[in-house]
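# Secondary and tertiary structure notes
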Amino acid sequence: MAPFDPPALTLPGSPGAVVGASLLEQIAANVSDAMVAKDLQGRFVLFNPAAQRLIGQSAEQVLGRTERDVFPPEQACRLECDDQRIRRDREVFSVEETLNMSDGPHVLLTVKGPLYDEQGELSGTFVVARDITRRKRAENELRIAAAVFDSQLGMMVTDAQGVVQRVNRAFTRITGYEPQDIVGRNPRMLRSGLQPPAFYTDMWRQLRERGHWQGELVNRHRDGSLYHERLDVSAIRDEQGAVLHYVGSISDITREKSASARIEHLRYHDPLTELPNRSLLQDRLAHALQADSRSGEFGALLLLDLDNFKNVNDSLGHAFGDRVLVQAAQRMRRTLRAEDTLARFGGDTFAVLVEGLGRVPAQAATLAAGIATKLRQALEQPFQLEARTLSCGASIGLTLFDGDSEQVDLLMREADLAMYRAKEQGPGGLCFFEQAMQVELEARNALEADLRAALAAREFVLHYQGQFDARGRRIGAEALLRWMHPGQGLLGPGCFIHLAEQTGLIEPLGQWVLEQACQRLAAWAREEVTRDLSLAVNVSARQFRHADFVQRVLQALDAAGADPRRLQLEITESLALENLQDTVFKLRELRACGVGVALDDFGTGNSSLAYLAQLPLDQIKIDKSFVDPLPADPTSVLIVQAVLALGHGMGLQVVAEGVETAAQHEYLSSLGCDVFQGYLFARPVAQCEFLAAPAARLA
Ligand code: C2E
Ligand code: MG
Ligand code: MG
């Protein structure tokens, strides 16, 4: 009991009623509410044990002092205001207030009022305060919980047996079930049957052991449709650790899933035809090889290239070409069995993977050839598109495999080589990969390794072939690549350029040519005889398509200190038209810097003139195949005349390639050809010989 001498106190509202101090003391000592009384000067005269516990100070520390001594100033000021109000109004009132204590804020429900002495005179004030902090917190938590429960996440609370007790609105939205449909039942009713029983056994085991499970599953909506959900379940336990409830939160991830499925689909499929792409085919091929090595059965890989497709594309436009490809794909798909894989490798190349062709090689080959024939026949049927009828044959290369020591990469090369041979046979060709080709394949593999080594060993050189104007003066040269093969001597690009392009080696090789040519130009600029010469460099598609191509050219010029106006890049028609937009963009940039552009081998690419007119060019080079039959062959005469008229009409210089005879030269001169290149004037020679050659040749 508080050691103080209590004044005689009077209950509020009943002036004059005397209450024994001992009675008050007993109550004050035992109630859980804080009881405090102050005299008219605001000094504490009663401070019961509950008040001491609440404030954290003993009666000795507090009695006889004022609120200003006990509370921080701002709080004390607020409490004094209440006292003034009581002294003025003499009324009892209750208020909910928050006081900061040493252990943090406490919410109090307080009753405050006046105290009177025996004469009925106002003698002080009292406060009875109940600490409701915990109740308040619980209320708040309930409110938060209710808000959470009504969040976007679907929520479900079950009892310890898994019987649903409550679900929220989002749950209904996701599952289609209203609370009355599911409360009192087991969430098993949501199951789609797509997860095996072991899935649930595992889930419950984890819940028991760790009290938590998280994962993704497919459930069935009330309307029967399936949806993907991410489920998060936690066990709620009592103090003894017994499970009271399970709380599950559910988010519908069906859209997320279908978006990622779409991305996955795109990664492995060709967007135009929706067929598997090269990666997926390679994957399946790898599986097939494994399966076949177990079963001992043969399979076949077919590579198929549409004949004349480039013509369709060039003459009727890419959009039309795309529709032909889609139809071709559909036809082939219908020809094949469901378990065969038909893939598109881009462009007009398709691949087919067939398995289960039996254990006898000859039979397997016959079956595979049969499939190839059916595919070709399907494609040969005329296509009906926009009132046009066109037909499209195919060249097909085939290779068989039986899973024994075969590799995906090797098989692809075999099929590729076979297709290459098929194309050489003319439209509609069909060719099996044979052992004889194996020799060639090995030679190609060896050549590839040699090429790589040659680049490192600096076995490449540039030769230069002069270009002459109508008066026979040498005005420039074309740089032509040669390989000084340690065993085979000097090799022309015909022996290795194609392979370098296929393997990507053309990129470092082409870069080397570019740098070398720029250095040569810079050196020529320093010599009287060569100062005015320009130099043409051949560029291959893969090199040109590189995003940095323009920068690379400019860097090479810059590094060598060469004049861009003396450099001429030679591109081919097929390169230019493969991606017209990119080509035009890059050529414009290059020409803006002074670099010249020539269209090489003109006339061999069957491109439409409409496209060519869009290319920013300086020169066109008439291909040797049109120069050769001049002047006797009337068709060539017509073509050359047309090219000259077209070129001059577009303000371009026209170069004749492969001029070998005086008659050719004479005839071309008479038609107004601007530049001549050919053995008649000069052969491609090494740099030193080029310098020694006469600067003018009057043929
Ligand atoms: P191209 O650009 O059309 O080069 C002209 C080809 O015709 C050269 O063959 C040249 O030696 C040959 N030629 C020139 N005049 C005559 C002639 O009067 N009669 C005969 N029979 N042939 C003549 P080469 O050097 O074998 O080059 C062949 C092709 O290789 C070139 O054709 C070009 O497309 C490519 N090439 C050459 N060097 C490079 C290079 O550095 N990079 C790239 N990407 N390709 C190159
Ligand atoms: Mg060329
Ligand atoms: Mg050429």
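Each assigned domain of the protein chain is listed here: domain 1 (9-137), domain 2 (150-257), domain 3 (269-433) and domain 4 (448-692). Relative to domain 3, the C-alpha centre of domain 2 lies at a distance of 49 Å.

Next up on the list: the coordination of the magnesium ion (ligand 2). Here the magnesium ion (ligand 2) is held by Glu478 (OE), Asn538 (OD1), Glu570 (OE) and Asp600 (OD), and the distances to it run 2.0 to 2.2 Å. Between the magnesium ion (ligand 2) and the magnesium ion (ligand 3) the interatomic distance comes to 4.1 Å, and Asp600 is a ligand of both metals. Residue Asn538 is located in strand β23 (residues 534-538), and its partner Glu570 is located in strand β24 (residues 567-572); the two are separated by 32 residues in the primary sequence.

With that out of the way, let us pick up the confidence of the model for the protein chain. Averaged over all residues, the pLDDT of the protein chain equals 87, while 93% of them reach at least 70. In this model, residues 1-19 is a region of pLDDT below 50 whose contacts with residues beyond four sequence positions or in other chains number 32 contacts.

Okay, the nonpolar core next. Of all hydrophobic cores here, the largest spans 72 residues; its most connected members are Leu567, Leu569, Ile571, Leu615 and Leu668. For this core, the element with the highest residue contribution is helix α18 (residues 506-525), accounting for nine residues. Apart from the residues within four sequence positions on either side, Ile571 is in contact with Val539, Phe544, Ala576, Thr583, Leu587, Val597, Ala598, Leu599 and Asp600.

With that settled, consider the site of ligand 1. By nearness alone, 21 residues border ligand 1, and Glu478, Asn538, Asp600, Glu660 and Tyr679 come closest of all. Contacts to ligand 1 include Gln465, whose side-chain N or O atom sits 2.9 Å from a nitrogen atom. At 2.7 Å, a backbone N or O of Tyr679 approaches an oxygen atom of ligand 1. Here ligand 1 loses 79% of its free accessible area of 790 Å² to cover by the protein chains. Taken together, the elements giving at least two residues each to the shell around ligand 1 come down to β21 (474-485) and β25 (596-602). Tallied by class, the residues present in the shell around ligand 1 amount to eight nonpolar, five polar and eight charged.

Moving on to the pattern of salt bridges. Two side chains with opposite charge may pair up if their charged atoms get near one another. Counting across every chain of the model gives 37 salt bridges. Between Asp469 and Arg473 there is a salt bridge, and its shortest N-O distance comes to 3.1 Å. Residue class for Asp469 comes out buried when judged on its relative accessible area of 12%. For the salt bridge of Lys586 with Asp582, the shortest nitrogen-to-oxygen distance reads 3.2 Å. Placement of both Lys586 and Asp582 in helix α22 (residues 580-592) is noted, with a separation of four residues, approximately one turn of the helix.

Turning our eyes to something else, we now look at the packing of helix α12 (residues 309-316) against helix α13 (residues 318-335). Two numbers describe how α12 lies on α13: the axes approach to 6 Å, and their chain directions differ by 140 degrees. Along its contact with α12, which presents Phe309, Val312, Asn313 and Leu316, the element α13 presents His318, Phe320, Gly321, Val324 and Leu325.

So, on to the packing of aromatic side chains. All told, the structure shown has 13 aromatic pairs when counted by the stated rule. Three or more aromatic residues joined by ring pairs form one cluster here, namely Phe199, Tyr200 and Trp213. Its guanidinium or amino end placed over the ring of Phe93, Arg85 lies 3.8 Å from that ring's centre, counting from NZ or CZ.

The next point concerns the environment of Val92. If you trace the backbone, Val92 turns up in the loop between α5 (73-89) and β5 (93-101). Overall, the relative accessible area of 47% leaves Val92 in the partly exposed class.

If you trace the five strands from one edge of the open sheet to the other, you get β4-β3-β7-β6-β5, paired in antiparallel fashion. For this open sheet the edge positions go to β4 (44-47) and β5, each flanked by a neighbour on one side alone. Along the sheet, successive strands turn relative to each other by an average axial angle of 25 degrees, direction set aside. The pairing of β5 with strand β6 (residues 104-116) spans nine bridges and is antiparallel. Bridge assignment links Asn100 to a residue of β6, and that residue is Pro105. Its contacts with the sheet place α5 against β3 (34-39), β5, β6 and β7 (122-131), and it is angled at close to 160 degrees to β5.

Our focus in this paragraph is the sheet that holds strand β18 (residues 394-401). Here five strands make up an open sheet; going across it, the order is β14-β15-β13-β18-β19 and the pairing mixed. Each edge of the open sheet carries a strand with a single partner, namely β14 (341-344) and β19 (430-432). Across the sheet, the mean angle from the axis of one strand to that of its neighbour is 20 degrees, orientation sign disregarded.

What counts, and where the lines are drawn
- Residues numbered from 1 in each chain as written.
- Chains lettered and ligands numbered in written order.
- Predicted model: local features only at pLDDT ≥ 70, side-chain atom pairs only at ≥ 80, totals over all residues.
- Heavy atoms only, no water.
- Domains from an automatic or database assignment.
- Donors = N, O, S within 2.8 Å, 3.2 Å for Na, K, Ca; no water.
- Helix = DSSP H or I, 4+ residues; strand = E, 2+ residues; numbered from the N terminus.
- pLDDT = per-residue confidence, 0-100.
- Contact = heavy atoms within 4.5 Å.
- Core = buried A, V, L, I, M, F, W, Y, C linked by side-chain atoms within 4.5 Å.
- Buried < 20%, exposed > 50% of the residue type's maximum accessible area, 1.4 Å probe, protein only.
- Near = heavy atom within 4 Å.
- Polar contact = N/O pair within 3.5 Å; in protein donor to acceptor, adjacent residues only side chain to side chain.
- Areas by Shrake-Rupley, 256 points an atom, 1.4 Å probe, with all protein chains shown as cover.
- Nonpolar A, V, L, I, M, F, W, Y, C, P; charged D, E, K, R; others polar.
- Salt bridge = Lys/Arg side-chain N within 4 Å of Asp/Glu carboxyl O.
- Axes fitted to C-alpha atoms, helices over the stretch in contact; angles between N-to-C directions.
- Phe/Tyr/Trp six-rings, centres within 6.5 Å; stacked < 30°, edge-to-face > 60°.
- Lys NZ or Arg CZ within 6 Å of the ring centre and 35° of its normal.
- Pairing = 2+ DSSP bridges.

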